[in-house]
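What follows is each chain in one-letter form.
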Amino acid sequence: MSGTVIEIGAAPDGDPIHEIVLTGPDGTRARVLSWGATLRDLEVPGSGGVMRRVVLGYDDLSSYLANPAYLGATCGRVANRIRNGRFTLNGRVHELARNERGVTHLHGGARGFSHRPWRVETAAGNAVTLAYRSTDGEEGYPGMLDVLCTYRLVAPSTLEIEMTARTDAPTPVSLAHHSYFTLDPGHSVRELEVAVAARHYTPVDADQIPTGEIAPVDGTPFDLRSFRRLADQGIGFDTNFVLDDAGPPAGDPAAPRLVARARSSRSGMAMEVRTTAPGLQLYDGAHLPVTDHGTGALTHGAHAGICFEPQYFPDAVNRLGFPPPWITPDAGFRQVTTYRFCTDNVSQR
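Residues numbered from 1 in each chain as written. Predicted model: local features only at pLDDT ≥ 70, side-chain atom pairs only at ≥ 80, totals over all residues. Heavy atoms only, no water.

J.: Is there a simple way to think about the side chain of Glu 272 in this case?
T.: By secondary structure assignment, the location of Glu 272 is in strand S23 (residues 270–275). Classification of Glu 272 as buried rests on a relative accessible area of 3%. In terms of polar contacts, Glu 272 uses its side chain to reach the side chain of Arg 274, at 3.3 Å. (Helix = DSSP H or I, 4+ residues; strand = E, 2+ residues; numbered from the N terminus. Buried < 20%, exposed > 50% of the residue type's maximum accessible area, 1.4 Å probe, protein only. Polar contact = N/O pair within 3.5 Å; in protein donor to acceptor, adjacent residues only side chain to side chain.)

Spelled out as C-alpha coordinates, the structure:
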(Lines give C-alpha, C1' and ligand atoms only; values in the text may rest on other atoms or scores of the structure.)
Protein backbone atom coordinates (compact mmCIF):
# COMPACT_ATOMS: atom_id res chain seq x y z
CA MET A 1 0.00 0.00 0.00
CA SER A 2 3.02 2.33 0.24
CA GLY A 3 2.49 5.45 -1.80
CA THR A 4 -1.14 4.45 -2.40
CA VAL A 5 -3.69 7.26 -2.74
CA ILE A 6 -7.13 6.24 -1.48
CA GLU A 7 -10.32 8.31 -1.64
CA ILE A 8 -11.91 8.01 1.80
CA GLY A 9 -14.67 10.61 1.76
CA ALA A 10 -15.63 14.14 0.81
CA ALA A 11 -15.29 17.63 2.25
CA PRO A 12 -18.41 19.64 3.11
CA ASP A 13 -18.21 21.34 -0.31
CA GLY A 14 -17.96 17.99 -2.08
CA ASP A 15 -14.23 17.92 -2.83
CA PRO A 16 -12.79 14.40 -2.44
CA ILE A 17 -10.56 13.65 0.54
CA HIS A 18 -7.66 11.26 0.02
CA GLU A 19 -5.48 9.27 2.38
CA ILE A 20 -1.91 8.51 1.33
CA VAL A 21 -0.04 5.59 2.90
CA LEU A 22 3.75 5.97 3.08
CA THR A 23 6.49 3.52 4.04
CA GLY A 24 10.06 4.58 4.78
CA PRO A 25 13.23 2.64 3.92
CA ASP A 26 13.52 1.34 7.51
CA GLY A 27 9.85 0.37 7.84
CA THR A 28 8.57 3.64 9.33
CA ARG A 29 4.91 4.09 8.33
CA ALA A 30 2.75 7.19 7.93
CA ARG A 31 -0.76 8.06 6.82
CA VAL A 32 -1.45 11.52 5.43
CA LEU A 33 -4.79 13.16 4.65
CA SER A 34 -5.31 15.66 1.84
CA TRP A 35 -7.77 17.48 4.14
CA GLY A 36 -5.64 20.11 5.85
CA ALA A 37 -2.42 18.44 4.63
CA THR A 38 -2.75 16.45 7.84
CA LEU A 39 -0.51 13.75 9.31
CA ARG A 40 -3.02 11.16 10.51
CA ASP A 41 -0.65 8.50 11.84
CA LEU A 42 3.06 7.84 12.28
CA GLU A 43 4.60 4.56 13.45
CA VAL A 44 8.30 3.91 13.93
CA PRO A 45 10.23 0.68 14.62
CA GLY A 46 10.85 0.25 18.33
CA SER A 47 12.78 -2.26 20.42
CA GLY A 48 12.59 -5.74 18.96
CA GLY A 49 11.11 -4.37 15.75
CA VAL A 50 7.73 -3.64 17.39
CA MET A 51 6.05 -0.65 15.74
CA ARG A 52 5.39 2.29 18.04
CA ARG A 53 2.74 4.95 17.35
CA VAL A 54 4.20 8.40 18.08
CA VAL A 55 1.39 10.83 17.13
CA LEU A 56 -2.22 11.24 18.20
CA GLY A 57 -4.95 10.90 15.61
CA TYR A 58 -8.59 10.01 15.01
CA ASP A 59 -10.11 6.79 13.70
CA ASP A 60 -12.95 8.63 11.96
CA LEU A 61 -12.95 11.23 9.18
CA SER A 62 -15.66 13.42 10.74
CA SER A 63 -13.33 14.30 13.64
CA TYR A 64 -10.80 15.64 11.14
CA LEU A 65 -13.44 17.75 9.40
CA ALA A 66 -14.06 19.50 12.73
CA ASN A 67 -10.57 19.09 14.29
CA PRO A 68 -10.75 21.97 16.80
CA ALA A 69 -7.34 21.03 18.25
CA TYR A 70 -5.63 20.86 14.80
CA LEU A 71 -4.37 17.29 15.27
CA GLY A 72 -1.62 16.72 12.69
CA ALA A 73 -2.73 19.66 10.55
CA THR A 74 -0.82 22.23 8.51
CA CYS A 75 -1.68 25.65 9.95
CA GLY A 76 -1.62 28.87 7.88
CA ARG A 77 -1.65 31.29 6.08
CA VAL A 78 -0.25 32.58 9.39
CA ALA A 79 -0.03 30.05 12.22
CA ASN A 80 -0.50 30.96 15.88
CA ARG A 81 -2.08 34.25 17.04
CA ILE A 82 -2.51 37.75 15.62
CA ARG A 83 -3.63 40.50 17.98
CA ASN A 84 -7.17 41.76 17.29
CA GLY A 85 -7.14 39.91 13.94
CA ARG A 86 -5.52 42.88 12.24
CA PHE A 87 -2.27 43.98 10.61
CA THR A 88 -1.07 46.79 8.35
CA LEU A 89 0.84 46.21 5.11
CA ASN A 90 2.01 49.04 2.86
CA GLY A 91 -0.31 51.47 4.61
CA ARG A 92 -3.42 49.32 4.28
CA VAL A 93 -5.14 47.72 7.27
CA HIS A 94 -6.15 44.08 6.73
CA GLU A 95 -8.96 42.72 8.90
CA LEU A 96 -8.92 38.98 9.61
CA ALA A 97 -11.33 36.59 11.31
CA ARG A 98 -11.25 36.74 15.11
CA ASN A 99 -11.83 33.03 15.53
CA GLU A 100 -10.52 32.64 19.08
CA ARG A 101 -13.03 33.93 21.64
CA GLY A 102 -13.89 36.72 19.22
CA VAL A 103 -10.65 38.43 20.19
CA THR A 104 -7.67 36.98 18.34
CA HIS A 105 -6.95 35.47 14.93
CA LEU A 106 -5.68 31.90 15.36
CA HIS A 107 -3.99 29.52 12.91
CA GLY A 108 -5.18 31.25 9.74
CA GLY A 109 -8.80 31.94 10.65
CA ALA A 110 -12.19 30.25 10.70
CA ARG A 111 -11.14 28.07 7.75
CA GLY A 112 -7.39 28.22 7.62
CA PHE A 113 -5.25 25.82 5.58
CA SER A 114 -5.92 23.19 8.26
CA HIS A 115 -9.60 22.98 7.30
CA ARG A 116 -9.45 23.02 3.52
CA PRO A 117 -8.99 20.35 0.84
CA TRP A 118 -5.50 20.11 -0.62
CA ARG A 119 -4.62 18.41 -3.91
CA VAL A 120 -2.30 15.41 -4.17
CA GLU A 121 0.46 16.71 -6.43
CA THR A 122 2.77 13.67 -6.37
CA ALA A 123 2.91 10.46 -4.34
CA ALA A 124 5.70 7.90 -4.10
CA GLY A 125 6.50 5.04 -1.76
CA ASN A 126 8.00 7.21 0.96
CA ALA A 127 6.79 10.73 0.11
CA VAL A 128 3.76 12.78 -0.86
CA THR A 129 3.46 16.40 -1.95
CA LEU A 130 0.18 18.23 -1.39
CA ALA A 131 -0.77 21.54 -3.02
CA TYR A 132 -3.18 24.31 -2.10
CA ARG A 133 -4.01 27.64 -3.78
CA SER A 134 -5.15 30.35 -1.37
CA THR A 135 -7.03 33.08 -3.23
CA ASP A 136 -6.52 36.82 -2.78
CA GLY A 137 -8.67 37.94 0.16
CA GLU A 138 -9.14 34.47 1.65
CA GLU A 139 -9.62 34.93 5.42
CA GLY A 140 -8.69 38.58 4.83
CA TYR A 141 -5.13 37.98 3.60
CA PRO A 142 -3.80 39.84 0.55
CA GLY A 143 -2.39 38.13 -2.53
CA MET A 144 -2.85 34.74 -4.12
CA LEU A 145 -0.65 32.10 -2.51
CA ASP A 146 0.42 28.73 -3.95
CA VAL A 147 1.53 26.35 -1.19
CA LEU A 148 3.25 22.97 -1.29
CA CYS A 149 3.67 20.61 1.67
CA THR A 150 5.84 17.50 1.31
CA TYR A 151 5.87 14.67 3.84
CA ARG A 152 8.86 12.35 3.42
CA LEU A 153 9.99 9.33 5.45
CA VAL A 154 13.76 8.84 5.63
CA ALA A 155 16.06 6.60 7.65
CA PRO A 156 16.52 6.35 10.51
CA SER A 157 12.90 6.70 11.75
CA THR A 158 12.57 10.29 10.56
CA LEU A 159 9.68 12.33 9.23
CA GLU A 160 10.76 15.28 7.07
CA ILE A 161 8.30 18.07 6.28
CA GLU A 162 9.10 20.67 3.64
CA MET A 163 6.74 23.62 3.12
CA THR A 164 7.08 26.20 0.35
CA ALA A 165 4.91 29.09 -0.82
CA ARG A 166 4.87 31.60 -3.69
CA THR A 167 2.72 34.72 -3.99
CA ASP A 168 1.70 37.28 -6.60
CA ALA A 169 1.65 40.14 -4.06
CA PRO A 170 3.30 40.95 -0.71
CA THR A 171 1.71 38.92 2.08
CA PRO A 172 2.60 37.36 5.44
CA VAL A 173 3.28 33.60 5.60
CA SER A 174 4.06 31.46 8.64
CA LEU A 175 3.18 27.79 8.25
CA ALA A 176 3.38 25.31 11.14
CA HIS A 177 2.97 21.57 11.52
CA HIS A 178 0.64 20.76 14.43
CA SER A 179 1.01 17.09 15.37
CA TYR A 180 0.58 16.02 18.98
CA PHE A 181 3.47 13.67 19.68
CA THR A 182 3.38 10.91 22.26
CA LEU A 183 6.28 8.79 23.44
CA ASP A 184 4.04 7.08 26.03
CA PRO A 185 0.56 6.50 24.59
CA GLY A 186 -1.97 6.75 27.41
CA HIS A 187 0.31 8.77 29.71
CA SER A 188 0.74 12.50 30.31
CA VAL A 189 3.37 14.34 28.28
CA ARG A 190 4.01 16.39 31.42
CA GLU A 191 6.10 13.41 32.53
CA LEU A 192 8.47 13.82 29.58
CA GLU A 193 11.89 15.39 29.86
CA VAL A 194 12.25 18.13 27.24
CA ALA A 195 15.15 20.30 26.08
CA VAL A 196 14.88 23.35 23.79
CA ALA A 197 17.87 25.19 22.30
CA ALA A 198 16.65 28.66 23.21
CA ARG A 199 18.16 31.33 25.44
CA HIS A 200 15.10 33.55 25.00
CA TYR A 201 11.32 33.34 24.75
CA THR A 202 8.47 35.75 24.04
CA PRO A 203 6.33 36.58 27.14
CA VAL A 204 2.60 36.91 26.49
CA ASP A 205 -0.41 38.78 27.87
CA ALA A 206 -3.75 37.36 29.04
CA ASP A 207 -4.77 36.70 25.43
CA GLN A 208 -1.60 34.66 24.74
CA ILE A 209 -0.29 37.46 22.51
CA PRO A 210 3.41 38.38 22.83
CA THR A 211 4.07 41.65 24.63
CA GLY A 212 6.90 42.40 22.20
CA GLU A 213 9.64 41.59 24.70
CA ILE A 214 12.27 38.99 23.87
CA ALA A 215 13.16 37.83 27.37
CA PRO A 216 15.99 35.61 28.64
CA VAL A 217 15.02 32.20 30.00
CA ASP A 218 17.64 32.46 32.77
CA GLY A 219 16.07 31.98 36.19
CA THR A 220 12.61 31.18 34.78
CA PRO A 221 10.61 27.96 34.36
CA PHE A 222 11.11 28.47 30.60
CA ASP A 223 14.78 27.52 30.86
CA LEU A 224 14.83 24.19 29.03
CA ARG A 225 18.37 24.45 27.70
CA SER A 226 19.07 21.14 29.41
CA PHE A 227 16.57 18.35 29.91
CA ARG A 228 13.79 19.21 32.34
CA ARG A 229 10.71 17.21 33.33
CA LEU A 230 7.82 19.46 32.28
CA ALA A 231 5.75 18.74 35.39
CA ASP A 232 8.65 19.92 37.58
CA GLN A 233 8.68 23.39 36.01
CA GLY A 234 5.50 24.44 37.82
CA ILE A 235 3.85 26.00 34.74
CA GLY A 236 1.95 24.95 31.66
CA PHE A 237 3.53 25.41 28.26
CA ASP A 238 2.01 27.16 25.28
CA THR A 239 5.17 29.10 24.66
CA ASN A 240 7.12 30.50 21.73
CA PHE A 241 10.86 29.98 22.10
CA VAL A 242 13.35 32.17 20.26
CA LEU A 243 15.58 29.49 18.80
CA ASP A 244 19.34 29.79 19.05
CA ASP A 245 21.15 29.93 15.73
CA ALA A 246 23.77 27.34 16.56
CA GLY A 247 24.41 26.70 12.89
CA PRO A 248 23.00 23.98 10.66
CA PRO A 249 24.81 20.68 9.97
CA ALA A 250 27.90 20.86 7.76
CA GLY A 251 27.52 24.62 7.46
CA ASP A 252 24.60 24.37 5.03
CA PRO A 253 22.46 27.50 5.63
CA ALA A 254 19.42 25.78 4.11
CA ALA A 255 19.63 22.72 6.39
CA PRO A 256 17.55 22.38 9.57
CA ARG A 257 19.38 22.69 12.90
CA LEU A 258 18.76 20.71 16.10
CA VAL A 259 16.35 22.76 18.25
CA ALA A 260 14.51 20.41 20.63
CA ARG A 261 14.60 16.97 22.18
CA ALA A 262 12.21 14.91 24.29
CA ARG A 263 12.65 11.62 26.09
CA SER A 264 10.65 9.22 28.23
CA SER A 265 12.08 7.36 31.21
CA ARG A 266 8.98 5.14 31.13
CA SER A 267 9.17 3.81 27.57
CA GLY A 268 12.76 4.58 26.60
CA MET A 269 11.52 6.42 23.51
CA ALA A 270 13.14 9.68 22.47
CA MET A 271 12.73 12.23 19.70
CA GLU A 272 14.56 15.21 18.31
CA VAL A 273 13.35 18.17 16.29
CA ARG A 274 15.34 20.04 13.65
CA THR A 275 14.08 23.06 11.72
CA THR A 276 14.99 26.09 9.66
CA ALA A 277 12.33 28.22 11.40
CA PRO A 278 13.24 31.06 13.80
CA GLY A 279 10.73 30.08 16.50
CA LEU A 280 9.27 26.99 18.14
CA GLN A 281 5.90 26.87 19.88
CA LEU A 282 5.96 24.26 22.64
CA TYR A 283 2.43 23.25 23.67
CA ASP A 284 1.75 20.60 26.30
CA GLY A 285 -1.79 19.85 25.10
CA ALA A 286 -3.55 21.22 28.18
CA HIS A 287 -6.77 21.93 26.25
CA LEU A 288 -6.81 18.83 24.05
CA PRO A 289 -10.45 17.64 23.90
CA VAL A 290 -11.35 14.23 25.29
CA THR A 291 -12.05 11.59 22.64
CA ASP A 292 -12.74 7.87 22.84
CA HIS A 293 -12.08 7.24 19.15
CA GLY A 294 -8.41 8.02 18.78
CA THR A 295 -6.26 6.11 16.30
CA GLY A 296 -5.89 2.52 17.41
CA ALA A 297 -8.87 2.88 19.78
CA LEU A 298 -6.80 5.15 22.04
CA THR A 299 -8.65 7.45 24.42
CA HIS A 300 -6.94 10.79 24.85
CA GLY A 301 -7.51 14.21 26.36
CA ALA A 302 -5.55 16.92 28.18
CA HIS A 303 -1.76 16.40 28.12
CA ALA A 304 -2.00 13.27 25.95
CA GLY A 305 0.28 14.79 23.31
CA ILE A 306 2.90 17.50 22.95
CA CYS A 307 3.32 19.90 20.02
CA PHE A 308 6.63 21.16 18.66
CA GLU A 309 5.49 23.79 16.14
CA PRO A 310 8.31 25.46 14.15
CA GLN A 311 7.15 28.87 12.90
CA TYR A 312 7.64 32.62 12.92
CA PHE A 313 6.83 34.30 16.23
CA PRO A 314 3.15 34.88 17.14
CA ASP A 315 1.87 38.32 16.08
CA ALA A 316 5.08 38.94 14.12
CA VAL A 317 2.98 40.86 11.58
CA ASN A 318 2.57 43.58 14.22
CA ARG A 319 6.06 43.53 15.79
CA LEU A 320 9.00 45.20 14.04
CA GLY A 321 11.45 43.58 16.46
CA PHE A 322 10.44 40.05 15.50
CA PRO A 323 11.78 38.12 12.47
CA PRO A 324 9.66 39.38 9.53
CA PRO A 325 7.13 36.86 8.13
CA TRP A 326 6.62 38.70 4.83
CA ILE A 327 7.13 37.30 1.34
CA THR A 328 6.92 38.91 -2.10
CA PRO A 329 6.66 37.67 -5.70
CA ASP A 330 10.47 37.81 -5.81
CA ALA A 331 11.12 36.03 -2.50
CA GLY A 332 9.00 33.09 -1.44
CA PHE A 333 8.72 30.95 1.69
CA ARG A 334 10.55 27.71 2.49
CA GLN A 335 10.68 25.82 5.78
CA VAL A 336 12.09 22.36 6.51
CA THR A 337 11.48 20.43 9.72
CA THR A 338 12.45 16.90 10.73
CA TYR A 339 11.18 14.74 13.59
CA ARG A 340 13.47 11.82 14.38
CA PHE A 341 12.67 8.99 16.81
CA CYS A 342 14.76 6.36 18.58
CA THR A 343 14.45 3.80 21.37
CA ASP A 344 16.25 3.41 24.69
CA ASN A 345 16.91 7.16 24.83
CA VAL A 346 19.93 6.79 22.58
CA SER A 347 21.45 10.24 22.06
CA GLN A 348 21.20 11.43 18.47
CA ARG A 349 24.03 13.02 16.50
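J.: Explain unusual backbone geometry here, please?
T.: In most cases, non-glycine residues show a negative phi, while peptide bonds are predominantly trans. Here Gly 76 and Arg 77 are connected by a cis peptide whose omega angle stands at 10°. Within the element layout of this structure, Arg 77 appears in the loop between strand S6 (73–75) and strand S7 (81–82). Here the bond from Ala 155 into Pro 156 is cis, since omega is -5°, no more than 30 degrees from zero. Tracing the chain through its elements places Pro 156 in the loop between strand S13 (145–154) and strand S14 (158–167). For Ala 37, which is not a glycine, the phi torsion comes out positive at approximately 45°. With respect to the helices and strands, the residue Ala 37 is situated in the loop between strand S3 (29–33) and strand S4 (38–45). Ala 37 sits in the buried class, given a relative accessible area of 0%. Of note, His 303 is a non-glycine position whose phi angle comes to about 65°, a positive value.

J.: Hey, could you run me through the sheet that holds strand S22 (residues 257–263) in this one?
T.: In a beta sheet, neighbouring strands are held together by backbone hydrogen bonds and run either parallel or antiparallel to one another. Spatial strand order, S11-S12-S13-S14-S27-S23-S22-S17-S20: nine strands in an open sheet with antiparallel pairing. Looking at the sheet topology across the chains shown, the edges are occupied by strand S11 (119–123) and strand S20 (228–229). (Pairing = 2+ DSSP bridges.)

J.: Please explain the environment of Thr 150 as it appears in this structure.
T.: Relative to the elements of secondary structure, Thr 150 occurs in strand S13. Placed 27 residues apart in sequence, Thr 150 and Ala 123 show a C-alpha to C-alpha distance of 9.5 Å. A polar atom in the side chain of Thr 150 sits 2.7 Å from the side chain of Thr 129.

J.: Would you take a moment to explain the packing of aromatic side chains for this structure?
T.: In this description, a pair of aromatic rings is defined by centroid distance and the angle of the planes. Enumeration according to the criterion identifies 12 aromatic pairs in this entry. When the centroid spacing of 5.8 Å and the interplanar angle of 35° are considered together, the rings of Trp 118 and Tyr 132 count as tilted. One end of the pair, Trp 118, is in the loop between strand S10 (105–106) and S11; the other, Tyr 132, is in strand S12 (residues 127–134), and 14 residues separate them in sequence. Classification of Tyr 132 by relative accessible area gives buried; the value is 10%. Here Phe 181 and Phe 341 contribute two aromatic rings whose centre-to-centre distance is 6.1 Å and whose plane-to-plane angle is 40°, an arrangement assigned as tilted. One end of the pair, Phe 181, is in the loop between strand S16 (176–178) and strand S17 (193–196); the other, Phe 341, is in strand S27 (residues 333–342), and 160 residues separate them in sequence. The exposure class of Phe 181 is buried, given its relative accessible area of 1%. (Phe/Tyr/Trp six-rings, centres within 6.5 Å; stacked < 30°, edge-to-face > 60°.)

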